[in-house]
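# Reading the structure
Listed below are the residues making up each chain.
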Amino acid sequence: MYYYIVKLIITTVLIVLISEISKRSSLAGALLAAIPLVSILAMTWMYVDTQSSDTAVAFSNRIIWLIAPSMTLFLVFPFLIKKGMSFYPSMGIAILLTIIAYYLMILIVERFGIKM
């Protein structure tokens, strides 16, 4: 139980820290957010939990295919804001389109025989 609390605290502190840094410097915050901290933490926790790097490697290989569709959010959100749409609808639409992009990428990759 303590282990899960430690995982939760470390993960939460990193997210809050990035958010606070972003308030002061959007470049510094963006740089920290662009580092795949969530992926690094997930792979670390997987290794700690299993003492095997195999699950982390499989996880990493799947992430590679999902990087391109994740860009949908970062393209659509600012576009909608610049067109005059308010924050929450812009974010909602960007998230929805990103989910669709993920789904399409998974379908395309699996069509080529790559197991996701």
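Each remark here, short or long, concerns the structure printed above.
Since the structure is predicted, the reported quantities are computational estimates derived from the model, not experimental observations.

## Topic: the environment of M85
Tracing the sequence through the fold places M85 in the loop between helix 4 (54-82) and helix 5 (87-111). When the C-alpha atoms of M85 and M71 are compared, they prove to be 19 Å apart, with 14 residues separating the residues in sequence. The contacts of M85, once residues within four sequence positions are left out, are L80, S90 and I93.

## Describing unusual backbone geometry
Of note, the phi angle at Q51 is positive, near 55 degrees, even though the residue is not glycine. Locating Q51 in the fold gives a position in the loop between helix 3 (37-50) and helix 4.

## Observations concerning helix 5
Between its first and last C-alpha, helix 5 extends 36 Å over 25 residues, near the 36 Å set by a 1.5 Å rise per residue. Restricting attention to buried positions, one finds in helix 5 the residues S90, A94, T98, A101 and V109. In this structure, the buried side of helix 5 is in contact with helix 4. Following helix 5 by one or two positions, G113 has its phi on the positive side, about 85 degrees.

## Structural notes on the packing of aromatic side chains
Think of a pair of aromatic rings as described by two things: how far the centres are apart, and how the planes are tilted against each other in angle. Across all of its chains, the model carries four aromatic pairs by this definition. For the pair F77 and F87, a centre-to-centre distance of 5.4 Å together with 85 degrees between the ring planes defines the contact as edge-to-face. Of the two residues, F77 is situated in helix 4 and F87 in helix 5; the sequence distance between them amounts to 10 residues. An aromatic cluster of three or more residues is present, and its members are Y3, Y4 and W45.

So, how was this worked out
- Residues numbered from 1 in each chain as written.
- Predicted model: local features only at pLDDT ≥ 70, side-chain atom pairs only at ≥ 80, totals over all residues.
- Heavy atoms only, no water.
- Helix = DSSP H or I, 4+ residues; strand = E, 2+ residues; numbered from the N terminus.
- Contact = heavy atoms within 4.5 Å.
- Expected span 1.5 Å × (residues − 1).
- Buried < 20%, exposed > 50% of the residue type's maximum accessible area, 1.4 Å probe, protein only.
- Phe/Tyr/Trp six-rings, centres within 6.5 Å; stacked < 30°, edge-to-face > 60°.

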